[in-house]
Protein chains: 2
Amino acid sequence: MLTENQISDFSELLGKDNICIVMHKSPDGDTIGSSFALLYALKRMGKNAEIVCSDEIPDHFRFISDGIQYLDLIFEPETVVSVDLASEALFGEKYDYLSHRVDFAIDHHFSNTLYAKKTILSENTSSAGELMYELFKCSEIEIDKYIAEKLYIAISFDSGCFRYSNTSSFTHKAAADLLQFSFDASAINVKLFDSSSLAQLKLESEALNSVKQYKNNKISVVTVRYSQIKRLGVNENELGGLTAITRRIAGTVVGITIREKSDGEIKISLRSQQESPLPEFDVSSVASKFGGGGHVRAAGLSMNCSVEEAEKKIIDAVIEEWNRIYDNSRQ
Amino acid sequence: MLTENQISDFSELLGKDNICIVMHKSPDGDTIGSSFALLYALKRMGKNAEIVCSDEIPDHFRFISDGIQYLDLIFEPETVVSVDLASEALFGEKYDYLSHRVDFAIDHHFSNTLYAKKTILSENTSSAGELMYELFKCSEIEIDKYIAEKLYIAISFDSGCFRYSNTSSFTHKAAADLLQFSFDASAINVKLFDSSSLAQLKLESEALNSVKQYKNNKISVVTVRYSQIKRLGVNENELGGLTAITRRIAGTVVGITIREKSDGEIKISLRSQQESPLPEFDVSSVASKFGGGGHVRAAGLSMNCSVEEAEKKIIDAVIEEWNRIYDNSRQ
């Protein structure tokens, strides 16, 4: 549920003009879907509005951005709105300078660093898309088929198609409402989740075959080198499916995916699942030790070192946190 | 929406006693979840009720059956109710004789052969679970946490966690309502969808590597031999994930999975996806040519022949239907 402050902050935003919406770097289904829904709503109100993003929209997400690949500044903004951006670091190189002058941040990450003048933050919401839906419902904006589809995409993407623990009764209520505008949600979910080239599927197979396990197979580590990506001909923009690949290995409580990028940077994603009645393993606390961030059950970080060094550092950090939380009570 | 007839048929069922609920052979999340919800509701009303199933409950579905592995007749029933059973053939060997005396069938398959005295059929419903939810809501049965969890499992299972085209606005509305009883839906979805042993994941890798494609890669065929299953040590009961594996290959319109069982029987599952604006490829029509059945986008059948022969027969039949529908307009 939104607070009155949040509703009035959003209403203040709708009173502005010449608005620039900023998406996070390495844009995903949530930031793109939510931003395009907002852009369309603002334009329909007669506002001058634009979206920018430091990175290009990957091929497989261009169905969300209406085919657009590059989103650059068209006009000098009066008002800057960030969507789904937890911290300044996520603005990316090109639009980093905008991070110092954000008027409104619309976000759902509890790790949000409150860099904006006004932050509309809803931590218990699956996605920026779900928060945007709530804001639209409490405002003068009427949802139509275009908006419904964009918001549905954002929500489905960030909730893993309603399967992650961030999915609440309200998430389904929003989806039920949005699906009344008859668009092909199944085709969307195929594009978001079920559509890998054979090359990608082969890379995933190799990744799963590389798994190393610790703490009684409760910690699973998967490593993908750039040489594999290159050999199989997988587009580096289409590696999103790898980040949660450890979820597929039964019994994994903490999953670590280490991926070497073409420029040598190491991208690490962390996932956790609760084994009740034991306490949660908060992966964002590990990520933040390395300058990364995220949620309790999904976080990410980057390192600039060799794959071996990155592997050692992250495994050590996860095991240290594991021992701290579970106090050697479960081995 | 239920018809008045359906509501009154279900009310008639609730007036009976000594009720035997029959699940389909090779029980899945939908038939088990829906049947256990109904069993519990009937027992809470003070009825004598039982569930039977010709096959044992596989390991990975026993969290739905409250740990129960075998479901056999406890008492001689006065009333027989089938749940999620499209045809007599699905009763299985052991309880085949009950197929001739079914009083009420509660089902959502449009291919239902109307073998029961009264059939409560809702073709546009994602799952028997969603239909059961509707029936409960229109009856004296009050949903509690136990029922909510079982029905959620049934709905989530059959809708592929809300990603398949059978998911409607109402499916999400039901989920929103059920999730108000705070159970761990995320943990359920991990058990239903994200929990494969490394051996299973390796088998899936091999299966994907075996893919053969036809008609400009729009038809994908995956074959799994029993020798592979045995070598990797995968339990034959835990091969459900293979049936929709072709969905994962981008561009596949019709997916065929051929699996050899330990007794030599060949199980074939067919999946289709619509490429709008082209017409649907109805896989159930191909399945029915071989005595199988199912839905437009998901169907199954069995053959008793060699793997090679089965492959040839099913590929020929699919290509014949392909040519008929698309009239060589898309190659």
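Within chain A, the secondary structure is distributed over 10 helices and 11 strands. Computed over its C-alpha atoms, the radius of gyration of chain A comes to 20 Å, within 12% of the 20 Å expected for a compact globule of 331 residues. Once the C-alpha set of chain A is aligned to its principal axes, its extents read approximately 55 × 45 × 40 Å. Across chain A, contacts joining residues at least 24 apart in sequence account for 64% of those joining residues at least 6 apart.

The next thing to look at is the domain arrangement of chain A. Here the domain parsing of chain A yields domain 1 (4–193) and domain 2 (198–326). Taken together, the contact pairs nine residues of domain 1 of chain A with eight residues of domain 2 of chain A.

What follows deals with the packing of helix 5 (residues 169–178) of chain A against helix 5 (residues 169–178) of chain B. Relative orientation of the contacting elements helix 5 of chain A and helix 5 of chain B amounts to 160 degrees, with a least axis distance of 8 Å. Comparing their axes, helix 5 of chain B and helix 5 of chain A come out roughly antiparallel. For the element pair helix 5 of chain A and helix 5 of chain B, the recorded crossing hand is left-handed. Seen from helix 5 of chain A, the contacting residues are Ser-169, His-172, Lys-173, Ala-175 and Ala-176 of chain A; seen from helix 5 of chain B, they are Ser-169, His-172, Lys-173, Ala-175 and Ala-176 of chain B. Its residues assigned to classes, the contact of helix 5 of chain A with helix 5 of chain B shows four nonpolar, four polar and two charged.

Superposing chain A onto chain B takes a rotation of 180 degrees plus a shift of 0.0 Å along the axis, which leaves an RMSD of 0.1 Å. In symmetry terms, the pair is related by a two-fold rotation axis. The fraction of interface residues of chain A whose copies in chain B are also interface residues reaches 97%, indicating that both copies meet through the same surface.

On to the interface of chain A and chain B, then. Interfaces are often sized by the amount of accessible area the parts lose when they come together. Counting from both sides, the interface comprises 36 residues of chain A and, opposite them, 36 residues of chain B. Mapped by element, the contributors of at least two residues to the side of chain A that touches chain B are helix 5, helix 6 (185–193) and helix 7 (198–209) of chain A. Classifying every residue of the side of chain A that touches chain B gives 15 nonpolar, 14 polar and seven charged.

Moving on, we come to helix 6 (residues 185–193) of chain B. Residue and element names in this part refer to chain B. Counted residue by residue, helix 6 has seven buried out of nine residues, so it is predominantly covered. Looking at helix 6, one finds that the buried residues are Ala-185, Ser-186, Ile-188, Asn-189, Val-190, Leu-192 and Phe-193. Turning to helix 6, the residues buried within the fold contact helix 2 (29–44) and helix 4 (145–158).

With that settled, consider the environment of Met-23 of chain A. All names here are of chain A. The topology assignment puts Met-23 in the loop between strand 1 (19–22) and helix 2 (29–44). Among the residues examined, Met-23 registers 30 C-beta atoms within 10 Å and is labelled buried. Along the primary structure Met-23 and Asp-177 are separated by 154 residues, whereas in three dimensions their C-alpha atoms are 25 Å apart. Filtering out sequence-adjacent residues up to four positions away, Met-23 remains in contact with Thr-31, Ile-32, Ser-35, Ile-51, Cys-53 and Val-83.

Sheet strands line up and pair through hydrogen bonds in the backbone, either parallel or antiparallel. Residue and element names in this part refer to chain A. What the five strands build is an open sheet, ordered 2-1-3-4-5; its pairing is parallel. Each of the sheet's edge strands pairs with one partner strand only, and the pair in question is strand 2 (49–52) and strand 5 (118–121). Neighbour-to-neighbour, the strand axes of this sheet turn through a mean angle of 20 degrees, independent of strand direction. Judged from the three bridges that link them, strand 3 (residues 79–83) and strand 4 (residues 104–107) form a sheet pairing that is parallel. Counterpart to Val-83 in the pairing with strand 4 is Ile-106. Along the sheet, helix 2 contacts strand 1, strand 2 and strand 3; its crossing angle with strand 2, the most-contacted strand, is approximately 165 degrees.

Once that is clear, we can look at the pairing of strand 2 of chain A. Residue and element names in this part refer to chain A. In the sheet, strand 1 pairs with strand 2 via four bridges, with the strands oriented parallel. Paired with Ile-21 across the bridge in strand 2 is Ile-51. The parallel pair strand 1 and strand 2, bridged by helix 2, forms a crossover whose chirality is right-handed.

A separate point is the sheet that holds strand 6 (residues 212–214) of chain B. Residues and elements named next belong to chain B. What the six strands build is an open sheet, ordered 6-7-8-9-11-10; its pairing is mixed. Here the strands that pair on one side only, and so sit at the sheet edges, are strand 6 and strand 10 (293–294). Of the pairings in the sheet, the one linking strand 10 to strand 11 (residues 298–303) comprises two bridges and is antiparallel in character. Along strand 11, the bridge assignment pairs Gly-293 with Gly-300. Each of strand 6, strand 7 (219–224), strand 8 (254–260), strand 9 (266–272) and strand 11 is contacted by helix 10 (residues 307–326), which is oriented at about 165 degrees to strand 8, the strand it contacts most.

Take unusual backbone geometry next. Residues and elements named next belong to chain A. Of note in this structure, Asp-66 is not a glycine but carries a positive phi near 55 degrees. As for its position among the elements, Asp-66 is in the loop between strand 2 and strand 3. Look at Asp-66 and you get partly exposed, because 13 C-beta atoms sit within 10 Å.

Residue and element names in this part refer to chain B. Helix length check: helix 10, at 20 residues, gives a terminal C-alpha distance of 28 Å against a target of 28 Å (1.5 Å per residue), a fit within 8%. Every buried residue belonging to helix 10 is among Ala-310, Ile-314, Val-318 and Trp-322, and all of these are buried. An end-on view of helix 10 places all buried positions within 90 degrees of arc, on one side of the element. In helix 10, the exposed positions angled more than 90 degrees off the buried face are occupied by Glu-308, Glu-309, Lys-312, Asp-316, Glu-320 and Arg-324. Those residues of helix 10 hidden inside the fold are in contact with strand 7, strand 8, strand 9, helix 9 (283–289) and strand 11. Phi for Asp-327, located one or two positions after helix 10, is positive at around 50 degrees.

Procedures and definitions
Residues numbered from 1 in each chain as written. Chains lettered and ligands numbered in written order. Predicted model: local features only at pLDDT ≥ 70, side-chain atom pairs only at ≥ 80, totals over all residues. Helix = DSSP H or I, 4+ residues; strand = E, 2+ residues; numbered from the N terminus. Rg over C-alpha atoms; globule rule 2.2 N^0.38 Å. Contact = placed C-beta atoms within 7 Å. Domains from an automatic or database assignment. Axes fitted to C-alpha atoms, helices over the stretch in contact; angles between N-to-C directions. Parallel < 35°, antiparallel > 145°, perpendicular 65-115°, else oblique. Left-handed = near helix turned anticlockwise from the far one by under 90°. Nonpolar A, V, L, I, M, F, W, Y, C, P; charged D, E, K, R; others polar. Least-squares fit on C-alpha atoms with pLDDT ≥ 70 in both. Buried ≥ 20, exposed ≤ 12 C-beta atoms within 10 Å, placed from the backbone. Pairing = 2+ DSSP bridges. Right-handed = clockwise from strand over helix to strand, strands pointing away. Expected span 1.5 Å × (residues − 1). Arc of directions from axis to C-beta.

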